[in-house]
Amino acid sequence: MLLVAAGLFLQTLRNLVHQDYGFERTFLLVADFDAKLAGYTPLRAPDLHQRLLDRLSAIPGVQSAALAGTPPISSGNWRSNISISGYTPAPKENTNSILNRVSDRYFDTTGISIVAGRAISPSDTASSLKVAVVNQALARHFFPNGNAIGHMLTIGIDSVQGPWQIVGIARDTRAGDPRKQDVAMMTYIPLAQIEPYAPAAPGAGSSPREENQDRFAEFILLRTSGDPSKRIADLRAALASIDPNLPLLNVGTITEEVSHMIGNDELSSSLTGIFALLALALAAIGLYGVMSYNVAQRTNEIGVRVALGAQKENVLWMILREALLLLTAGVILGIPITLAAARYIRDQLFGLKANDPLTYVGALVVVAAVVILSAWLPARRAAAINPVDALRYE
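Draft legend 1. Inspection of the layout of surface pockets at higher detail. One number sums up the size of the largest pocket: a volume of about 590 Å³. What lines the largest pocket is a set of 24 residues, and nearest its centre among them are Met1, Leu3, Gly330, Gly334 and Val367. Those elements giving two or more residues to the lining of the largest pocket turn out to be α1 (2-18), α7 (263-297), α9 (312-342) and α10 (357-383). When residues of the lining of the largest pocket are assigned to their parent elements, the largest contribution, eight residues, is made by α9. Looking at the lining of the largest pocket, its residues break down into 21 nonpolar, three polar and no charged. Roughly 330 Å³ of internal volume is contained in the second largest pocket. In terms of lining residues, the second largest pocket is bounded by 18 residues, among which Pro46, Gln50, Asp104, Asp124 and Ala192 are the most central. It is helix α2 (residues 45-57) that provides the largest number of residues to the lining of the second largest pocket, a total of four residues. Taken together, the residues that form the lining of the second largest pocket break down as ten nonpolar, five polar and three charged.

This is the structure we're talking about:
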């Protein structure tokens, strides 16, 4: 039962790690920073962002750099309902989309491919037409029979309401929980096109308008040509050269970010694997002790059999047969119990069923190998007994 549980959790972890996330996870460094802690205001954000991009792109070994509100996958996301011009949603229809404010080269840096239209580019400035890139899930939802490019969308957050013209469709990615099978709708808008001031509240009169806090990027993304962890020192130096007061809160690879999100699965697979190995070792030691004691008790009998002409193969099979009977009894009892117990962990599995046949076959092979090996050692010793010594044995 423990071997099957360990096998199921290990395969779950493997499926979570190796599934298609929709973006390129190799050589991608992610850093969390907060310009507001260094005294920057939303009005100064665009200049800071451009200086960061210019400096970060010049780091040796960096292929491309980008800024974003959130990384490609994160436990926390910016969300809002959206509306499409000319589209009337059905009652209680889900129009919620994950939002991300990104710089140009974001899609190149993260490895998210554009399947139609174009990506956000340096020409998408504050003075140009407001544009957006949506993912395939959003395009399928609102435009199942047509092209989403060219349509206008409005975001249900006043600070980034828009409208925004859809100019590209990006590949679907897993933006949140790696276990969720349904791909969320996503909308990407250019950092450079977010208004400097938040819309005035109704009835505010001539009171000063508030600066738009959604204008800040919060993450740096670097695509490197080699191990991204080797560029961390260069990244810190680059930020210090721009502003020594600019805080770099967290730095790590996107692989580490994914690992943090599936930490519970890693813990479950590790613990069950350890317990399974311990149980297997105890079973092997116990079986070896029982079989060795059995051989010692039957030494005279074995000597008589050998003296009467029994072949070593017959003696070996006689001892192994008893172990195989124990194995058969264990399998007959263990499989139904394991199948019943596996139902309670099926919600924790990913990409396979609780009665996965390969896992059960693998567990049976391991148990059988341990049983046979534990019995074969004393059986071989029994087959090598000298009949004269055996007859004298007490």
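Draft legend 2. Spatial organisation of the pattern of salt bridges. The final tally for this structure, using the stated rule, is nine salt bridges. Close ionic contact of arginine 105 with aspartate 108 constitutes a salt bridge, the shortest N to O distance being 4.0 Å. For arginine 105, a relative accessible area of 37% gives the class partly exposed. On the basis of relative accessible area, aspartate 108 is assigned to the exposed category, the value being 53%. For aspartate 265, the salt bridge is made with arginine 179, and the minimal N-O distance between the two is 2.3 Å. A residue pair is termed long-range when its members are at least 10 positions apart, and aspartate 265 in helix α7 and arginine 179 in the loop between β8 (164-170) and β9 (186-190) qualify at 86 residues. Among the residues examined, arginine 179 registers a relative accessible area of 24% and is labelled partly exposed.

Calculation rules
Residues numbered from 1 in each chain as written. Predicted model: local features only at pLDDT ≥ 70, side-chain atom pairs only at ≥ 80, totals over all residues. Heavy atoms only, no water. 1 Å grid on protein atoms, 1.4 Å probe; cavity = no way out; pocket = protein on both sides within 12 Å on 5 of 7 lines; lining within 4 Å. Points joined across faces, edges and corners; volume = space filled by probe spheres on them. Helix = DSSP H or I, 4+ residues; strand = E, 2+ residues; numbered from the N terminus. Nonpolar A, V, L, I, M, F, W, Y, C, P; charged D, E, K, R; others polar. Salt bridge = Lys/Arg side-chain N within 4 Å of Asp/Glu carboxyl O. Buried < 20%, exposed > 50% of the residue type's maximum accessible area, 1.4 Å probe, protein only.

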